Amino acid sequence: TLGLLTFRAGGQLAFSDLLFLLSLMLACAEFVILRGRVPIKLPFLLSLGIALFCVGGFVSTFVSYEALKSIAVIGRIVFLTVFWFWAGTVVLRRFEHLTKAVRLWVASAAICGFGAVVQVIAGGGVLPNLPPSEGRATGFTSHPNDLGGLTAIAFVPALMLAARPGLSIGKRLASYLMLFLISGALILSGSVGAFLAALVALFIWFALQRTSFNSMMVFATLVACLVGITTLQAIRG
């Protein structure tokens, strides 16, 4: 549910927030009941990044039109950065846990990307919780930049899943479909910052990989996706 931001449990609380809070409470309850030691170790660079973000955020709050909302964003980012990753280290204890979480995250972003494609081709309102599009797709988010950021983050994990060796034909096609939906939504969002972030991530990922047939096929698929969607948008004006 992480990529479906317009599906809300109530108010501004998304279902992904609700499930995360439930997971966090269960993890804390386990430690309280079992009286286990709780390792909380943040990398130095992460701690430094959080500190810099907080300082910059508080400085900008003084000239903000809505100071309380600005402070709330700072608190939310700190909460997600520290507590979310800590809960991840508690819950995802084996490599299989981590790979399953990555697959589910990519599938969630792909569903959001599917909404964006439908939104552009058939218009908003076709699917429930799909807002109307005004030139830039939003998918199952409330803003095009949200869609861009979401798909930019899921872009390299989708590449990783599509380039894995030894997949069956069915799993390979499913991985390529998710990669196509995420790539298409990234372009349809019109978010320049997200597109640049995905390009940087793509460069780093390819720099760390050994060149193989699977990775070259993934790259060819990306090029075809880029050309196809850009051509479609040009035809539609």
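Residues numbered from 1 in each chain as written. Predicted model: local features only at pLDDT ≥ 70, side-chain atom pairs only at ≥ 80, totals over all residues. Heavy atoms only, no water.

*Asks:* Is there a simple way to think about the nonpolar core in this case?
*Replies:* Grouped burial of nonpolar side chains is what soluble globular proteins tend to show. In terms of nonpolar packing, the biggest core is built from 40 residues, with V106, F155, L159, L179, I182 and V218 touching the most fellow members. Breaking this core down by element, the ones donating at least two residues are α4 (95-122), α5 (144-162), α6 (169-188), α7 (192-207) and α8 (213-236). Top contributing element to this core by residue count: α5, with ten residues. For L179, the contacting residues outside a window of four places in its chain are F155, A158, L159, A162, V218 and L222. (Core = buried A, V, L, I, M, F, W, Y, C linked by side-chain atoms within 4.5 Å. Buried < 20%, exposed > 50% of the residue type's maximum accessible area, 1.4 Å probe, protein only. Helix = DSSP H or I, 4+ residues; strand = E, 2+ residues; numbered from the N terminus. Contact = heavy atoms within 4.5 Å.)

*Asks:* Can you walk me through the layout of surface pockets in this structure?
*Replies:* Empty space among the atoms can be located by rolling a probe the size of a water molecule over them. The computed volume of the largest pocket comes to approximately 1,900 Å³. Taken together, 41 residues form the lining of the largest pocket, with L2, S16, L80, W84 and W105 sitting closest to its centre. Elements represented by at least two residues in the lining of the largest pocket include exactly α1 (15-34), α3 (67-91), α4 and α5. In terms of residue count, α3 provides more of the lining of the largest pocket than any other element does, 14 residues in total. (1 Å grid on protein atoms, 1.4 Å probe; cavity = no way out; pocket = protein on both sides within 12 Å on 5 of 7 lines; lining within 4 Å. Points joined across faces, edges and corners; volume = space filled by probe spheres on them.)

*Asks:* Teacher, can you tell me more about the pattern of salt bridges here?
*Replies:* If the charged atoms of two oppositely charged side chains come close together, the side chains can form a pair. All told, the structure shown has four salt bridges when counted by the stated rule. For R76, the salt bridge goes to D17, with nearest N and O atoms at 3.5 Å. Here the residue R76 occupies a position in helix α3, and D17 occupies one in helix α1, the gap between them amounting to 59 residues. By relative accessible area, which is 11% here, D17 ends up buried. In this structure, R94 and E96 form a salt bridge, with 3.9 Å as the shortest nitrogen-oxygen distance. With a relative accessible area of 52%, R94 lands in the exposed category. (Salt bridge = Lys/Arg side-chain N within 4 Å of Asp/Glu carboxyl O.)

*Asks:* Looking at this structure, I do not really get helix α2 (residues 44-61). What am I missing?
*Replies:* Note that an α-helix has 3.6 residues per turn; residues three or four places apart therefore point the same way. Over its 18 residues, α2 extends 26 Å from the first C-alpha to the last, a length consistent with the 26 Å expected when each residue adds 1.5 Å. Looking at α2, one finds that the buried residues are I50, C54, G57 and T61. Buried residues of α2, seen end-on, are gathered within an arc of 70 degrees and therefore sit on one face of the element. In α2, those exposed residues whose orientation departs by more than 90 degrees from the buried face are F44, L45, L52, V55 and V59. Contact partners of the buried residues in α2: α3. (Expected span 1.5 Å × (residues − 1). Arc of directions from axis to C-beta.)

*Asks:* Just to check I follow, could you spell out the packing of aromatic side chains for this structure?
*Replies:* Between two aromatic rings, the relevant description is the distance of the centres plus the angle of the planes. Counting across every chain of the model gives five aromatic pairs. Ring geometry for F20 versus F79: centroids 5.7 Å apart, planes at 80 degrees, classification edge-to-face. Residue F20 is located in helix α1, and its partner F79 is located in helix α3; the two are separated by 59 residues in the primary sequence. Here F20 falls in the buried class, since its relative accessible area comes to 9%. A relative accessible area of 28% means that F79 is categorised as partly exposed. With centroids separated by 4.4 Å and ring planes inclined at 15 degrees, the aromatic side chains of F20 and W84 adopt a geometry described as stacked. Linking F20 in helix α1 with W84 in helix α3, this pair joins segments that are 64 residues apart in sequence. For W84, a relative accessible area of 29% gives the class partly exposed. (Phe/Tyr/Trp six-rings, centres within 6.5 Å; stacked < 30°, edge-to-face > 60°.)

*Asks:* Hey, could you run me through the side chain of Q119 in this one?
*Replies:* Take Q119: it is sitting in helix α4. Within the structure, Q119 has its side chain in polar contact with the backbone nitrogen of T138 (distance 2.7 Å). Of the polar contacts made by the side chain of Q119, one reaches the backbone nitrogen of G139; its length is 3.0 Å. (Polar contact = N/O pair within 3.5 Å; in protein donor to acceptor, adjacent residues only side chain to side chain.)

*Asks:* What am I meant to see in the confidence of the model for the protein chain here?
*Replies:* Detailed reading of the predicted coordinates is not advisable wherever pLDDT falls low. When pLDDT is averaged along the protein chain, the result is 84, and 97% of the positions lie at 70 or above. Within the protein chain, no element has a lower average pLDDT than α8, which sits at 75, and none a higher one than α5, at 92. (pLDDT = per-residue confidence, 0-100.)

*Asks:* I'm lost on a nonpolar patch on the surface in this one. Help?
*Replies:* A surface patch of nonpolar side chains, about 720 Å² in accessible area, is lined by L13, F15, L18, L19, L21, L22, M25 and L26. For the nonpolar patch, the element with the highest residue contribution is α1, accounting for seven residues. Structurally, the position occupied by L19 is in helix α1. A relative accessible area of 48% places L19 in the partly exposed class. (Patch = residues over 30% accessible without salt bridge, like charges linked within 9 Å, V, L, I, M, F, W, Y side chains within 5 Å. Areas by Shrake-Rupley, 256 points an atom, 1.4 Å probe, with all protein chains shown as cover.)

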